[in-house]
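# Observations on the model geometry
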Amino acid sequence: MVDLDLTTRKAEPADAAALCRILNPIIATGLYTVLDEPFSIDAERRYIESFPERRVFRVAVLPVAGSGEGRIVGMQSIEPFASYTAVFDHVGVLGTYVDLAERRRGIGMRLAEDVFTDARAAGYEKLFTYVRADNPGALAFHSRLGFRVVGVAGAQAKIGDRYVDEVIVEKSL
């Protein structure tokens, strides 16, 4: 799907600092996510370590020229929709974050290839997520992945002193 020298792998606790380097600048913009507080490395590490059994979490790694090392440039996760009842066990909630400097290169699409495979193997049949209505790039991304709009939650997020609608999208696996 994407012609990048990119690999994906399961997220590990040792990735926490790299993930914070991606997430925190995105949060700081106030433009792309409803997350509003930066993450500490320790908090991100604990988050990874406390994954429920069915959680899927992958990172995208680009090689660093001449070093034999890789640099994490994106992440995508699927978590159970709800834990209070088994009737939603087939539904997962998708989250995608790509380094601001690496956006629109197909990294999220490449992550989705492996994440969707992992999700099916974990028993997910449907994915669900919320996208800020004022984020046309994210809406287009989800559409390219095959998500369809199923509704809009008006004034769902209050960011600073303004309300932002969230678009509800879903995809059958």
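Scroll up to find the structure this text is about.
We now turn to the structure provided with this report. Owing to the predicted nature of the structure, the values given are computational and were not obtained by experimental measurement.

The next point concerns helix 1 (residues 16-29). For helix 1, which comprises 14 residues, the first-to-last C-alpha distance of 20 Å matches the rise-based estimate of 20 Å (1.5 Å per residue) to within 8%. Buried within helix 1 we find A16, A18, L19, C20, I22, L23, N24, I26 and I27. Residues of helix 1 that are buried sit in contact with helix 2 (41-49), strand 2 (56-63), strand 3 (70-80) and strand 4 (91-98). One or two steps after helix 1, the chain reaches G30, where phi turns positive at roughly 70 degrees.

This model, assessed by the stated rule, comprises seven aromatic pairs. With a centroid separation of 5.2 Å and an interplanar angle of 40 degrees, the aromatic rings of F51 and F57 are classed as tilted. Summarising the aromatic geometry, the rings of F128 and Y130 are spaced 5.3 Å apart at their centres and angled 90 degrees between planes, so their arrangement reads as edge-to-face. Taking the relative accessible area as the measure of exposure, F128 reaches 12% and is therefore buried. Aromatic ring contacts, followed pair by pair, group F81, Y84, F88, F128 and Y130 into a single cluster. Over the face of the ring belonging to Y124 we find R54, whose NZ or CZ atom lies 4.0 Å from the ring centre. Here the guanidinium or amino end of R103 rests over the ring plane of Y32, the centre of that ring lying 4.3 Å away.

Let's shift gears to the sheet that holds strand 6 (residues 148-159). The pairing of strands in a sheet happens through backbone hydrogen bonds and is either parallel or antiparallel. Spatially, the seven strands line up as an open sheet ordered 1-2-3-4-5-7-6, and their pairing is mixed. Of all the strands in the sheet, just strand 1 (7-10) and strand 6 have a single pairing partner and so form its edges. Taken pair by pair, the neighbouring strands of this sheet meet at an average axis angle of 30 degrees, ignoring direction. On top of the sheet, helix 1 reaches strand 2, strand 3 and strand 4; it is set at about 75 degrees to strand 3, its chief contact.

So, on to the pattern of salt bridges. The final tally for this structure, using the stated rule, is 13 salt bridges. Note that R110 and E113 form a salt bridge whose closest N and O atoms lie 3.5 Å from each other. Here E113 and R110 lie together in helix 3 (residues 107-121), a separation of three residues that amounts to about one turn. Given a relative accessible area of 17%, R110 falls into the buried group. Residue classification places E113 among the partly exposed positions, given a relative accessible area of 26%.

What counts, and at which threshold
- Residues numbered from 1 in each chain as written.
- Predicted model: local features only at pLDDT ≥ 70, side-chain atom pairs only at ≥ 80, totals over all residues.
- Heavy atoms only, no water.
- Helix = DSSP H or I, 4+ residues; strand = E, 2+ residues; numbered from the N terminus.
- Expected span 1.5 Å × (residues − 1).
- Buried < 20%, exposed > 50% of the residue type's maximum accessible area, 1.4 Å probe, protein only.
- Contact = heavy atoms within 4.5 Å.
- Phe/Tyr/Trp six-rings, centres within 6.5 Å; stacked < 30°, edge-to-face > 60°.
- Lys NZ or Arg CZ within 6 Å of the ring centre and 35° of its normal.
- Pairing = 2+ DSSP bridges.
- Axes fitted to C-alpha atoms, helices over the stretch in contact; angles between N-to-C directions.
- Salt bridge = Lys/Arg side-chain N within 4 Å of Asp/Glu carboxyl O.

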